[in-house]
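Fold and contact review
Take a look at the letters that make up each chain.
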Amino acid sequence: MDFFTSMDISASALAAERTRMNLISSNLANVNSTRTAEGGPYRRKDAVFTATPLKEAGSFGAALSRANDARSVQVTQVNEDPRPPRMQYEPGHPDADPNGYVAYPNINVVEEMADMITASRSYEANITATNAAKSMALKTLDLLR
Amino acid sequence: MPVQGIFGTTVELLGKTLDLRAKRQTMISSNLANVETPGYTPTDVSFESQLKSALKGGAKDSGVTNPRHIPLKGRAASLERVQGDVVEVDTRTMGPDGNGVEMETEMGRLAENQIMYNASVQLLGKKFDELKQAIRGTL
């Protein structure tokens, strides 16, 4: 039924926004991390969103159905920001290079906060869409009374 | 008057409207889900004009292959064939990432679609109530 498709799409967006929110939290938490398991300072992470057709492959009818034009969203890649690390002069720091500079993560806190607001607004919009689909489906059920 | 069954075109029209509005709801969800996907173009189902012309031209185009055949469903047959067209919404503002979704527009359309859907459901309910009343013969 169409409304469940609609809810599935909104749910995929909620999951994607949550993944993005996790990455933003991770970026904010590691704004001063100079060491990582891979070595070097922490690098800013960002989610790459991709519009994906709904999973209905296999059935011929589904291939023809117009509902395939509606697309859900998925995080297909976590991108590491290629911007260079922020160099700060701290000769006493254990991770300082021979010149006394420490490589700090390339994270701009203001940028992360702005991203966080965008993510939470998108999340709210998708919740609203889910609620709309739900109330429409319930209204239709009322016809049976 | 052509034979229209007990339901006539009203129920058929309202049913079709519900169907198409549910489709539009899916499209709006899709647009909202992809509000931050680079390169995404918003889509919509356009059906209003098709429904209108199906209602008007219904009498002559009612699914019969011979003019001497009696159309079974009258106008309802041409209503049934309306599928709606999936169209790309042309947007005024497109961000640098090639995404054309305007969240405000989509939220507005979401609310409108929901209200119109509920209106159709209520009309349908009323129609069935009237039928019930006519069958019972009492208020």
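These numbers come from a predicted model, not from an experiment. (Residues numbered from 1 in each chain as written. Chains lettered and ligands numbered in written order. Predicted model: local features only at pLDDT ≥ 70, side-chain atom pairs only at ≥ 80, totals over all residues. Heavy atoms only, no water.)

Contacts between the two partners involve 33 residues from chain A and, on the opposite side, 35 residues from chain B. Taking both sides of the interface into account, the surface hidden between chain A and chain B amounts to around 2,600 Å²; carbon and sulfur atoms contribute 62%. The interface formed by chain A and chain B includes 1 salt bridge. The closest approach of N and O atoms between Arg20(A) and Glu36(B), which form a salt bridge, is 2.2 Å. Residue assignment for the side of chain A that touches chain B shows that the elements contributing at least two residues are helix H1 (2-29), strand S1 (45-53), strand S2 (71-80) and helix H3 (109-142) of chain A. Ranked by residue count, the leading element in the side of chain A that touches chain B is H3(A), at 13 residues. Tallied by class, the residues present in the side of chain A that touches chain B amount to 13 nonpolar, 11 polar and 9 charged. (Contact = heavy atoms within 4.5 Å. Buried area = accessible area lost by both parts, 1.4 Å probe. Salt bridge = Lys/Arg side-chain N within 4 Å of Asp/Glu carboxyl O. Helix = DSSP H or I, 4+ residues; strand = E, 2+ residues; numbered from the N terminus. Nonpolar A, V, L, I, M, F, W, Y, C, P; charged D, E, K, R; others polar.)

With that settled, consider the environment of Met87(A). With respect to the helices, strands and loops of the structure, Met87(A) is situated in strand S3 (residues 86-89). Beyond its immediate sequence surroundings of up to four residues, Met87(A) is in contact with Asp97(A), Tyr101(A), Val102(A) and Ala103(A).

This next bit is on a nonpolar patch on the surface. Residue and element names in this part refer to chain A. Where nonpolar side chains cluster on the molecular surface, the patch consists of Met87, Tyr89 and Tyr101 and spans about 340 Å² of accessible area. Position of Tyr89 among the secondary structure elements: in strand S3. A relative accessible area of 53% places Tyr89 in the exposed class. (Patch = residues over 30% accessible without salt bridge, like charges linked within 9 Å, V, L, I, M, F, W, Y side chains within 5 Å. Areas by Shrake-Rupley, 256 points an atom, 1.4 Å probe, with all protein chains shown as cover. Buried < 20%, exposed > 50% of the residue type's maximum accessible area, 1.4 Å probe, protein only.)

Further remarks concern the confidence of the model for chain B. Residues and elements named next belong to chain B. In this model, chain B carries an average pLDDT of 83, and 83% of its residues clear a pLDDT of 70 or more. Confidence, expressed as mean pLDDT per element, reaches its minimum in chain B at helix H3 (residues 76-80) with 73 and its maximum at helix H4 (residues 103-136) with 92. The ipTM, which scores confidence in the relative placement of chains, is 0.81 for this predicted complex, and the corresponding pTM is 0.82. (pLDDT = per-residue confidence, 0-100.)

This model, assessed by the stated rule, comprises 2 cavities of 30 Å³ or more. For the lining of the largest cavity, the element with the highest residue contribution is H1(A), accounting for 4 residues. (1 Å grid on protein atoms, 1.4 Å probe; cavity = no way out; pocket = protein on both sides within 12 Å on 5 of 7 lines; lining within 4 Å. Points joined across faces, edges and corners; volume = space filled by probe spheres on them.)

A few words now on the nonpolar core. Core analysis: the biggest nonpolar cluster contains 18 residues, and Val73(A) and Leu51(B) have the highest contact counts within it. Broken down by secondary-structure element, the contributors of at least two residues to this core are H1 and S1 of chain A together with helix H1 (8-33) and helix H2 (48-56) of chain B. In terms of residue count, H1(A) provides more of this core than any other element does, 4 residues in total. Not counting residues within four places of it along the chain, the set of residues in contact with Val73(A) comprises Ser12(A), Ala13(A), Ala16(A), Phe49(A), Thr50(A), Thr52(A), Ala33(B), Asn34(B) and Thr37(B). If you look at the next biggest cluster of nonpolar residues, it comprises 12 residues, including Phe3(A), Val11(B), Leu14(B) and Val121(B). (Core = buried A, V, L, I, M, F, W, Y, C linked by side-chain atoms within 4.5 Å.)

The relative placement of two packed helices comes down to the angle between their axes together with the axis-to-axis distance. In contact at an axis separation of 9 Å, H3(A) and H1(B) are set at 165° when each is read in the N-to-C sense. Classified by the angle their axes make, H3(A) and H1(B) are roughly antiparallel. Of the two possible hands of crossing, H3(A) and H1(B) adopt the one that is left-handed. Note on element contacts: H1(B) touches H3(A) through Arg21(B), Gln25(B), Ser29(B), Leu32(B) and Ala33(B), opposite Ala125(A), Asn126(A), Ala129(A), Ala132(A), Ala133(A) and Met136(A). (Axes fitted to C-alpha atoms, helices over the stretch in contact; angles between N-to-C directions. Parallel < 35°, antiparallel > 145°, perpendicular 65-115°, else oblique. Left-handed = near helix turned anticlockwise from the far one by under 90°.)

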